[in-house]
Structure formats: C-alpha cells, structure tokens
Amino acid sequence: MKQFYFPLFIFLLAFGLRAQTTHTVFTKLDNGSANSLRSKILFAQSGDIIRFSPNLLSGNDDTIHLTQGALLIDKTLTIKGLYNGSDSLVISGERNKRVFNTNGIAASDVVILDSLVIAKGYASNGFGGGIYHRNGKLIIRNSKVASNEANGITISHGGGIYADASQLEIWDSKISNNLATPSGMGLNQAHGGGIYADSTLVLIYNSTINHNSVANYYRGNAYGGGVFSRSEVRMYNSNLVNNNCILSESVIATASYWTGGGGIFGLEDITMSKCLVDGNKVITLAPDDCYAHGGGIYSGRLVNLDSTHVQNNSTYTKSGSGGEAESMGGGIYAKSLNMLNSFVLKNQNISNSTIISRAKGGGIALQRNGNSMVRGSIISDNKTIDSSNGYAHGGGVYIDRNSSFTLDQSVLSKNEVKSGESIWVFSNPAAAGGGLYSDYNTTILVKRSTVSENIVSAIHFDAPAKGGGLYCENQLTVENSTINSNHLFSNTEAYGGGIYMPVNQSKRLYITSSTVAFKVLLLLKIQQ
C-alpha cells in the first residue's frame, strides 16, 4: 500500500497557521539595518525567535549601544542572547533610554528574554529603567538586569524591571545594582529598586537580587529595595542580598516619612523556600515623624518561610527635633508568619528621636490581628535598640495586639533589648521582652522549645527592665520547654528574669512540664 506524506507547511497553511521562524542578528549597530536587533524585532512575527551570531562577541566592544530609543516588542517573542556567565553581549540603554518596552503586547502574549545582559537603561518617566512590561507574561531566563535606573520627577518605580501583567517569571538570573529614585521636591514615591510588580504574580527561581536600591531624598516614602509587589510573590532557591531602602530629608519638618522592605516589600503573601535574605537595610532620616519597617522582608499579609535564612538585615530611624521615630522588624515585618526549619539571625532594629522613639522586634515584628507559627526554627542574636528617648520591645520577636503566636520545637536565644540613656518619662516599659514581647490581647504558646540567654538592658534613669525571656500582656502557655539563663540589667528595677506578665485578673499563665530560671544583674532594687 502506498503511503502519502502531508508536508507540514501545507498543513499549517491549510489551517491559517505559520511555522515558527528563527532570525539571527549579525550586527551590533543600532542603525535599523536588516541585520540589526531592532530590525529583527520589528519584522518578526508572533511566536518567532531571535538569536545572535557568536561572531558579535569578537572585537573590543561586546555591546549593542541603543541610539534610537527603547526596543519595542508588540507580540509573542523569544529573544535568546549569548550570556553564559562569562561571555556576554550587552544591550545598553547608554544611561539615557530604556532598553525594552513591551507596552504593545496583548494579554495573551508571552515575551521571553533569555541569556541577555540588559544594562544602563534609564527611564525619565520613572517606570522601568531596564524593562517596561505591560500585559501578558514576561519570562526572564539566564539573564542579567544590571545598572538600570528609574528617575521620574515624583514617582520612580522599578529601577531594573517594571511589570504590570498577568505574570512575571525570573529563572536563573541576576537583578543587580539597579536604582529607583525620584528627582522632584514633592510628595515622592520610590518603589522597587530591582523589580516593581503591579497586579502581577511574581515567580523567582534560582536567582539573585542584590545591591539594588530605592532612594528618596524628599518627602514621601521608599519601599522595596530589591523587590516591590502589589501581588503575591513566590521565591525558590534564590537570594535577596544587600539591597537598600533609603529616605533622607533635612528640610521639611511637617510631614511623615515611611520606608520598608529593604529586601522585599509585598502587599500580599510572600513565600520563600530555600532562600537567603541577607544584609538588606531600611534607613529613614528625617526632621519629623519617621518610620522604618522590615529590614529584610515586609508583607502586608502572610510570610511563608521554609528552609530559609533571614540574617544581618537592619532597620534604622532617626528623627530630628520635630517628631517621633519608629523602627520595627529588623529581619521581618508581617501580619502573619508561617516559619518552618528556618533561621532568623543577627538582625538589628534601631530607633532614635529626641521626642520619642520606638524600637520593636529585632528579628521579627508581627502586626496586629495576625496568626503565626514558628516550628523547627532558630531565632537568635537579634537586637532591638532605642538609642535615645523611648522604648525597646522584643529582641527576637514583637507581636502586636489581638494576635496569636506559637513557638514549637524551636530555639529563641541570645536576643537583646536595650533602651536609651535619657530620663524615663513614659508609661510603657523602657526595655522588655529580651526574647519575645507580646502586646494586649495576645495568645502565646511555647511548646517543646528553648528560650535562653536573652538580655534586657534598661539604661534609662529610673527605668525598669521586664521579661528577660518572655514579656506577655495577656495569655501565655509553656509546655515541655526550657526557659533559662535569661538576663535583666537595670539601674533601678527588674521584673521577671524568665517571664513577665502584668498583674491583672485577665492575665493567664499556664506552665506544664517545663523549667524556668533566670538571672538579674547590677540592680538597686529587685522584684520577682
């Protein structure tokens, strides 16, 4: 029997389809010639692939210098470059133009940027220095987005990437040394030094986001040194390292100044598995009320951590003579936290104001009305410091009112709370909760855990130190746990070396099958 073969191209034509075409770029010149990258993008059809000739890596300059504005993508397209970690062909915006703009694509389109180096892009309108993406899906693979800047007048979002789409995926890539900073003198916003995501699910795999910054030098706010997202973020086996969130202003003394999320700022849930969040900073320096929250991670909802290290992050606020300063969550600031087999280590929270300063949660600060669980984890060597005239609460963990918190099979140790040196005039305890501080109407459960070697130091004149290990305002249950070798230091009074609960009929303390011991140091008066 004879066999008949139906050619593929006839099949595609019959159904109104076309075969995918691969185009090759042969020149580094951005002159619109047929062999240029700009021309290949312009004439490619939806679904095509653009590649680069390896010969473009020869010579002294391995860069495509853009001279005619951003590269515009208006269809489903894959651009695959030559970046392999050592050899690379750079696409440069020359510090005066954005590199890629996908504003023309449809919601069903997919743009893939693979093995590219996208550098020195500049967005004078403040949105997406390296990449501006709208609609559809953006996938970045094995690429580097570096040294780009968003510099609007009052709004600067996404120094490296601005994405307002259905989904943003980043695989095996580096997002580094990008900056979002407004240049105006109004009520400024600086969000997302590395990445800004609006209405976009963000997925990040095997990638590093480092040395990105948001910087605002006037009134307003600065959020998300590495990443800012209004939607859910999921990160796997990735690093958020040495990103910065800075607000510094010295003129106007009638405003409030807010910063948060040195590594990542998210309004929705943030999930991290096998990630490192290290060395990120949030700094607010202003003449009036100023606030710094979440040195490493800030979430308006839930943070999920699994096998993740959050370490060496910090928040710092300093207010002038006109206002108060608040610093919360040196490592993590969130409404709720689920933490499994993870570490929160050596984070720091410092607040400084001549009016009143509040420092809460050296490692973790949890907002009110939340429910949190820490299991199989270590929270250690974190510090909360009021360096002037105020109070410091929760060296390891601070829990705001109307919340519940469980510490299970975990270690809470060597955390420290330290108050300032001014005369104490406030009703709140100056220094409290070396390991953990919980506010009004909270329910705390400590089971199968160790709370040890935490420190509370009240240096204020006539100020007490309370709760070397745990300070709890409402209900505390301790089961099968050890609370020992926690320390109190005060010039006047100290209360509860291991556990402190205010005297009130509504307070409830339950201890079963546990050990509680404490140490009190250098006191004039001691009450147990």
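Not measured: the values here are computed from a predicted model.

A general tendency of soluble globular proteins is for nonpolar side chains to be buried together. The biggest cluster of nonpolar side chains holds 75 residues, and the ones touching the most others in it are Phe52, Ile79 and Phe100. Those residues in contact with Ile79, other than ones at most four positions away along the chain, are Leu37, Ile41, Ile50, Phe52, Ile73, Phe100, Ile112, Leu113, Asp114 and Leu116. Counting residues in hydrophobic clusters, the runner-up holds 16 residues, among them Tyr132, Phe228, Ala432 and Tyr495.

Let us look at the environment of Thr477. For Thr477, the location among the structural elements is in strand E62 (residues 475–479). C-alpha of Thr477 to C-alpha of Leu509: the two residues are 32 residues apart in sequence and 5.9 Å apart in space. Residues contacting Thr477, with those up to four places away along its chain left out, are Ile444, Leu445, Val446 and Tyr510.

What follows covers the pattern of salt bridges. Under the definition given, this model contains 14 salt bridges. A salt bridge links Glu232 to Arg234; its shortest N-O distance comes to 2.9 Å. Looking at Glu232, the relative accessible area reads 27%, which means it is partly exposed. Of the charged contacts, one joins Asp400 and Arg401 as a salt bridge, the two residues approaching to 3.8 Å between their closest N and O atoms. For Arg401, a relative accessible area of 29% corresponds to the partly exposed category. Connected via shared salt-bridge partners are Glu268, Asp269 and Arg301.

With that settled, consider the pairing of strand E25 (residues 220–223). Burial of the side chains of E25 extends over both faces: Gly220 and Ala222 are buried on one face and Asn221 and Tyr223 on the other. Note: strand E20 (residues 188–191) against E25, four bridges, orientation parallel. Counterpart to Gln189 in the pairing with E25 is Asn221. Bridge count for E25 against strand E30 (residues 257–260) is four bridges, and the pairing is parallel. Considered in E30, the bridge of Ala222 is made with Thr259.

All right, on to a nonpolar patch on the surface then. A grouping of Leu509, Ile511 and Val516 is seen on the molecular surface, where their side chains present a nonpolar patch of about 230 Å² in accessible area. Position of Val516 among the secondary structure elements: in strand E67 (residues 515–521). For Val516, a relative accessible area of 38% puts it in the partly exposed group.

Okay, the side chain of Lys360 next. Mapped onto the secondary structure, Lys360 falls in strand E45 (residues 357–360). Comment: no salt bridge for buried Lys360; closest opposite-charge side chain is Glu326, at 4.4 Å. Residues in contact with Lys360, not counting those within four places in the same chain, are Glu326, Ser327, Met328, Gly329, Asn349, Ala365, Thr384, Tyr391, His393, Gly394 and Tyr398.

About the thresholds
- Residues numbered from 1 in each chain as written.
- Predicted model: local features only at pLDDT ≥ 70, side-chain atom pairs only at ≥ 80, totals over all residues.
- Heavy atoms only, no water.
- Core = buried A, V, L, I, M, F, W, Y, C linked by side-chain atoms within 4.5 Å.
- Buried < 20%, exposed > 50% of the residue type's maximum accessible area, 1.4 Å probe, protein only.
- Contact = heavy atoms within 4.5 Å.
- Helix = DSSP H or I, 4+ residues; strand = E, 2+ residues; numbered from the N terminus.
- Salt bridge = Lys/Arg side-chain N within 4 Å of Asp/Glu carboxyl O.
- Pairing = 2+ DSSP bridges.
- Patch = residues over 30% accessible without salt bridge, like charges linked within 9 Å, V, L, I, M, F, W, Y side chains within 5 Å.
- Areas by Shrake-Rupley, 256 points an atom, 1.4 Å probe, with all protein chains shown as cover.
- Lys, Arg positive; Asp, Glu negative; His and termini not counted.

As far as function goes, none of this settles anything; it's purely spatial.
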